[in-house]
Amino acid sequence: MSPHDKQTDSPAPQPHRITPVDAAHARPVDAVLEALASSPEGLDSDEAARRLEEFGPNRLPEARKEGVLKRFFKHFNDVLIYVLLAAAAITATLGHLIDTGVILGVVVINAIIGFIQEGKAEQALEGIRKMLSLRADLRRDGQWCSADADGLVPGDIVRLRSGARVPADLRLIETNNLRIEESALTGESVPADKTTEAVAADAGVGDRLGMAYSGTLVAAGRGVGVVVATGADTELGRINRLIAEVETLQTPLTRQMAQFSKLLSVVIVALAVLMLAIGVLLHEQAPADVFLAAIGFAVAAIPEGLPAILTITLALGVQRMAQRNAITRKLTAVETLGSVTVICSDKTGTLTKNEMTARHVVTRGGLYDVSGTGYRPEGEITLDGEAADLARHGHLHAVIEVAAVANDTHVAEEDGQWRVTGEPTEGALRTLAHKAGFEAGAHERHDSIPFESANKFMATLNTAPDGQRRILLKGAPDRLLDRCHLELGASGEHEALDRAFWEEQIEMLSAEGLRVLAAAAREVPDSKRALAPEDLHEDMVFLGLIGIIDPPRPEAIDAIRSCHEAGIRVKMITGDHAGTARAIGIEMGLGAAGELKVISGAEIEAASDEELQQIAHDCDIFARTSPEHKLRLVKALQARGEVVAMTGDGVNDAPALKRADVGVAMGIKGTEATKEAAEIVLADDNFSTIERAVEEGRTIYDNLRKAILFILPTNGAQGFVMLAAVVFGLTLPLTPVQILWVNMVVAVTLALALAFEPAEPGVMQRPPRKPGTPIINGLMLMRVGFVSLLIGGATIAWFEYSLLQGMELKTARTIAVNTLVVAQAWYLFNSRFLTASSLAPSRMFTNPGALVSVALLGLLQLGFVYLPLLNTWFGTTPLPIEAWGPPMVIGLLVFLIIEGEKALLRARQR
């Protein structure tokens, strides 16, 4: 028993708290144990209890969540809503309770729609908690036992086995062929070989060979480590803090709508005050009447239907995206994706399949190419473009035999997905054998030497179907070249090893970013039944090389090309090595071989914020990056005014996904933390879905602009009617509730039809809109003003003419409402195309929803005029049939005049 296990009367020594910042990875094992006041025998129960009280349980802190009421009432936080609530309060004070009820109803309905559509709150921190191990094998009181991982403390000794999840951050003190899958933290495609050796203090997480990090998965082998960090102090805890500290930005749409709302509110309030002053001071009207008219003007000018149209348009876009395998968690995300200028993408599992694939086989018989990607055994092996079968290509057969027989991994189809059980690299070799039609089952294995990190090879002793007993050896090329004096020559005979040739081939494959494995073999007597390392010395025959890579997704290559055509830059940010990142970048079309520059995590670390902004703009590939590096890159791009989308699948991507203007996670292979930090989840893990989402987002933005261009003249015309009536001392043509009727019925029917408009031609051939570009440009403002004056002036003129003809006020006001509504129905067809002619027959029926909406509006307006209940609510009266004629003529004239204005605009642009 070690001194640390003895029970004494003196208090236990106080440990120094070791965290990743203290560089446990750079310190020898003995120094770490000494600093933790621990030993390979572990802690005693009393000391563990004391440390648990000091350091707390090994779990991540809970995130504070917004309450239901707060989430609901934040939808009232809008300047336009404040103006409407003030109008409701004033009408209630004046005793106009019907007006008050209608105004409040509109406000509450908008809030309910926003609350429902927002969906569940973010659960990124909960997703990371699910990655933590539930049980741990640890040494307490000198005995191995199993306990809850929550109870681990710094200084505990923990045992790792294949298939287990690492329960805390460990400094490894023993390893036996230990390999740990760290792709969720580092982005590397293959499990990392672990040793007990210390590394440089500035080594990145992926290069810390003597560390095992909480939440990662043991892929093979065994190990023992001492706990150096638990809970919030682990690498996962550090990422957890990053996610919690990251500020989410307003989307371009919400920023533009907020600016628009503030500006519109200021204008409306100013004009309402002007109306009050003119009515009371100039025309000496009763203050209460003028007050009511000013409220009517405010209600008329505020587009209260716009939030509902915005929400419904986005919801329809979300529904269409779901049909394209993109699940949208936040409504505005689809529109934001349509405005992105830069897409930052993780490599492993996003641009690539995260499925190792054999790409080339090199023998003295030639360079063989292998088609197909991933573990699905589809593809063929070719030599100079011709299919190569094993019967006629002995060199290829020899290499494939080693790859398939000296292999302990299995590949099988589960639920439509091909999955590997064992090492990913061996999975690639197994799939290669399937493509070649090689069956390894007939080979009888007698003995084997398993892969060890120190040796970097695996060997088996087998009897082949032809009865010949062979040693089959595969592993790192340099280790196998050291063990071979012969090679399988071009003639099929054994020849002296030409090491320079093979090193040249290794360098060629490595330059393509491939991981290179070598194969060797030799025949042995049938009497040999055991295999020892000394059997692998010098007299092995070198057979060839296999180049393996985590291949790009073919559809991702096409999607990147489409993004470039759309003026969107794609940047790859990966934790993988620079050579691999460069090779994948060239294949993905991110740059030419001679021009592509790869920036390392160390260079990002050394750069100032200002320098990083320039680096992030100029370069498209970043390798060996940590979560902090990815987050800094996203911030640097945003600081230059870029709208950034970030894609990823590992927990190391989560902070950057949350900070980005829109985060996109992989649904199949993505971690829960990444999915919950993202706004969009790709159900098919297909990067090309992002390109389709960009197209959908641009279409949504176009349709929103059309809806705004359509709705604002409705409010502008009504506001002009009320303002003109007060300024010129005329009878009010509309009451506040009639104004609300026009606003809501037009928005719900006609404006909604614009949400169904198909994409404009060439939507993905135009550059992204510049960040900060107003949603309404000068041309649109001119159109809004022109149409407002046109429809509003026609309404006032016909209202005054009706009064001159001796009609009752109720009748004249009903006709005025009809004039507004019918003119808006005609104007809908103008608004479907911003500048193109709406008179072309081929365009009239591309959106059947527009015709349906006009028909629905007609039914609602008939009810407004002829139903007694609505007559009472809105102060209207039934009209004779001939009273519908003039509004129809006025609407047609509005349509033709606007088409003339568009024709003039097109001529001017030409």
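Being a predicted model, the structure only gives us computed values, none of them experimental.

With that out of the way, let us pick up the overall build of the chain. Regarding its fold elements, the chain presents 32 helices and 28 strands. Per-residue burial for the chain yields a buried fraction of 55% across its 910 residues. The contacts of the chain with a sequence gap of at least 6 include a subset with a gap of at least 24, amounting to 71%. Carbon and sulfur atoms make up 58% of the accessible area of the chain, which totals about 37000 Å².

Summed over the entire model, instances satisfying the criterion amount to 8 aromatic pairs. Here the aromatic rings of Trp798 and Tyr801 are separated by 4.9 Å at their centres, their planes lie at 25°, and the arrangement is stacked. Here Trp798 and its partner Tyr801 are both found in helix H27 (residues 778-804), 3 residues apart, which amounts to about one turn of the helix. For Trp798, a relative accessible area of 24% puts it in the partly exposed group. Taken together, the ring pairs in this structure connect Phe501, Trp502 and Phe542 into an aromatic cluster. Positioned above the aromatic ring of Phe501 is the side chain of Arg364, whose terminal nitrogen or guanidinium carbon lies 3.7 Å from the ring centre.

We now examine the environment of Ala850. With respect to the helices and strands, the residue Ala850 is situated in helix H30 (residues 848-866). Separated by 100 residues in sequence, Ala850 and Leu750 place their C-alpha atoms 6.9 Å apart. Setting aside chain neighbours within four positions, we find Ala850 in contact with Ala753, Leu828, Phe829 and Arg832.

We now examine a nonpolar patch on the surface. Together, Leu856, Leu859, Leu860, Leu862 and Tyr866 make up a nonpolar patch on the protein surface, roughly 440 Å² of accessible area in all. Structurally, Tyr866 is set in helix H30.

With that settled, the discussion passes to the pattern of salt bridges. Pairs may arise between side chains of opposite charge once their charged atoms sit close together. Counted by the stated rule, this structure contains 41 salt bridges. Salt-bridge contacts for Arg320 lead to Glu696; the nearest nitrogen and oxygen are separated by 2.6 Å. One end of the pair, Arg320, is in helix H11 (residues 305-323); the other, Glu696, is in helix H25 (residues 688-727), with 376 residues separating them in the sequence. The class for Arg320 is partly exposed, based on a relative accessible area of 24%. Judged by its relative accessible area of 7%, Glu696 falls in the buried class. For Arg522, the salt bridge goes to Asp539, with nearest N and O atoms at 3.5 Å. Remark: Asp539 occurs in the loop between strand S21 (515-523) and strand S22 (540-549) and Arg522 occurs in strand S21; sequence separation between them is 17 residues. The structure contains a network of salt bridges with shared partners spanning Glu47, Arg50, Arg51 and Glu54.

Phi at Asp141 takes a positive value of approximately 55°, unusual for a residue other than glycine. Along the chain, the position of Asp141 falls in the loop between strand S1 (135-140) and strand S2 (143-148). Residue classification places Asp141 among the partly exposed residues on the basis of a relative accessible area of 38%.

Looking along a regular strand, one sees the side chains alternate between the two faces of the sheet. Counting buried residues along S21, 7 of its 9 residues qualify, which places the element largely inside the surrounding structure. Relative to S21, strand S18 (residues 469-475) runs antiparallel, the two sharing 6 bridges. Residue pairing for S21: Leu472 is matched across the bridge by Ala521. With 7 bridges joining them, S21 and S22 adopt antiparallel strand pairing. Bridge pairing links Leu517 to Ile546 in S22.

Below, the discussion takes up helix H17 (residues 499-511). A rise of 1.5 Å per residue sets the reference length of H17, with its 13 residues, at 18 Å; its end C-alpha atoms lie 18 Å apart and thus fit the reference within 8%. Along H17, the residues classified as buried are Trp502, Gln505, Ile506 and Leu509. Looking straight down H17, one finds its buried side chains confined to an arc of 105°; they lie on one side. Looking at H17, the residues exposed on the side facing more than 90 degrees away from the buried face are Ala500, Glu504, Glu507 and Ala511. Elements in contact with the buried residues of H17: strand S10 (357-363), helix H16 (477-481), strand S19 (484-488), S21 and S22. Residue Gly513 follows H17 closely and has a positive phi angle near 80°.

To continue, consider the pairing of S2. One ladder, built from 6 bridges, connects S1 with S2; its direction is antiparallel. Counterpart to Arg139 in the pairing with S2 is Trp144. Turn length for the S1-S2 hairpin, with the two strands adjacent in sequence and antiparallel, is 2 residues, and the turn residue Asp141 shows positive phi of about 55°.

Taken in spatial order, the 8 strands line up as S8-S28-S27-S26-S9-S23-S25-S24 in an open sheet, and their pairing is mixed. Since the sheet does not close on itself, it has two edges, and those belong to strand S8 (326-328) and strand S24 (598-600), each with one partner. Geometrically, the sheet is characterised by an average inter-axis angle of 20° between neighbouring strands, direction not taken into account. Note that strand S9 (residues 342-345) and strand S26 (residues 644-648) share 4 bridges and pair parallel. Of the residues in S26, the one forming a bridge with Ser345 is Thr647. Seen against the sheet, helix H19 (residues 578-588) touches strand S23 (569-573), S24 and strand S25 (621-623) and runs at an angle of roughly 155° to S25.

Of all hydrophobic cores here, the largest spans 73 residues; its most connected members are Phe297, Phe710 and Leu734. Among the elements that take part in this core, H25 stands out by supplying 13 residues, more than any other. Setting aside residues no more than four positions away along its own chain, Phe710 makes contact with Val746, Leu750, Ala751, Leu754, Gln824, Tyr827, Leu828 and Ser831. Judged by nonpolar contacts, the second largest core, of 67 residues, contains Leu310, Val318, Val598 and Val763.

Below, the discussion takes up the confidence of the model for the chain. Per-residue confidence for the chain averages 84 on the pLDDT scale, and 90% of its residues sit at or above 70. Across residues 1-21, confidence stays below pLDDT 50; counting only partners more than four residues off in sequence or on other chains, it has 46 contacts. Within the model, the stretch residues 119-133 combines pLDDT values under 50 with 48 contacts to residues more than four positions away or in other chains.

Bringing the packing of helix H28 (residues 809-831) against helix H32 (residues 885-909) into the picture now. The geometry of H28 relative to H32 is characterised by a closest axis approach of 8 Å and an angle of 35° between their N-to-C directions. For the pair H28 and H32, the crossing hand works out as right-handed. Residues Asn818, Thr819, Val822, Ala823, Trp826, Tyr827, Phe829 and Asn830 of H28 form the contact with H32, whose own contacting residues are Pro887, Met888, Ile890, Gly891, Leu892, Val894, Phe895, Ile898, Glu899 and Lys902. When the residues that make up the contact of H28 with H32 are grouped by side-chain class, the tally is 12 nonpolar, 4 polar and 2 charged.

Reading guide: rules and limits
Residues numbered from 1 in each chain as written. Predicted model: local features only at pLDDT ≥ 70, side-chain atom pairs only at ≥ 80, totals over all residues. Heavy atoms only, no water. Helix = DSSP H or I, 4+ residues; strand = E, 2+ residues; numbered from the N terminus. Buried < 20%, exposed > 50% of the residue type's maximum accessible area, 1.4 Å probe, protein only. Contact = heavy atoms within 4.5 Å. Areas by Shrake-Rupley, 256 points an atom, 1.4 Å probe, with all protein chains shown as cover. Phe/Tyr/Trp six-rings, centres within 6.5 Å; stacked < 30°, edge-to-face > 60°. Lys NZ or Arg CZ within 6 Å of the ring centre and 35° of its normal. Patch = residues over 30% accessible without salt bridge, like charges linked within 9 Å, V, L, I, M, F, W, Y side chains within 5 Å. Salt bridge = Lys/Arg side-chain N within 4 Å of Asp/Glu carboxyl O. Pairing = 2+ DSSP bridges. Expected span 1.5 Å × (residues − 1). Arc of directions from axis to C-beta. Axes fitted to C-alpha atoms, helices over the stretch in contact; angles between N-to-C directions. Core = buried A, V, L, I, M, F, W, Y, C linked by side-chain atoms within 4.5 Å. pLDDT = per-residue confidence, 0-100. Left-handed = near helix turned anticlockwise from the far one by under 90°. Nonpolar A, V, L, I, M, F, W, Y, C, P; charged D, E, K, R; others polar.

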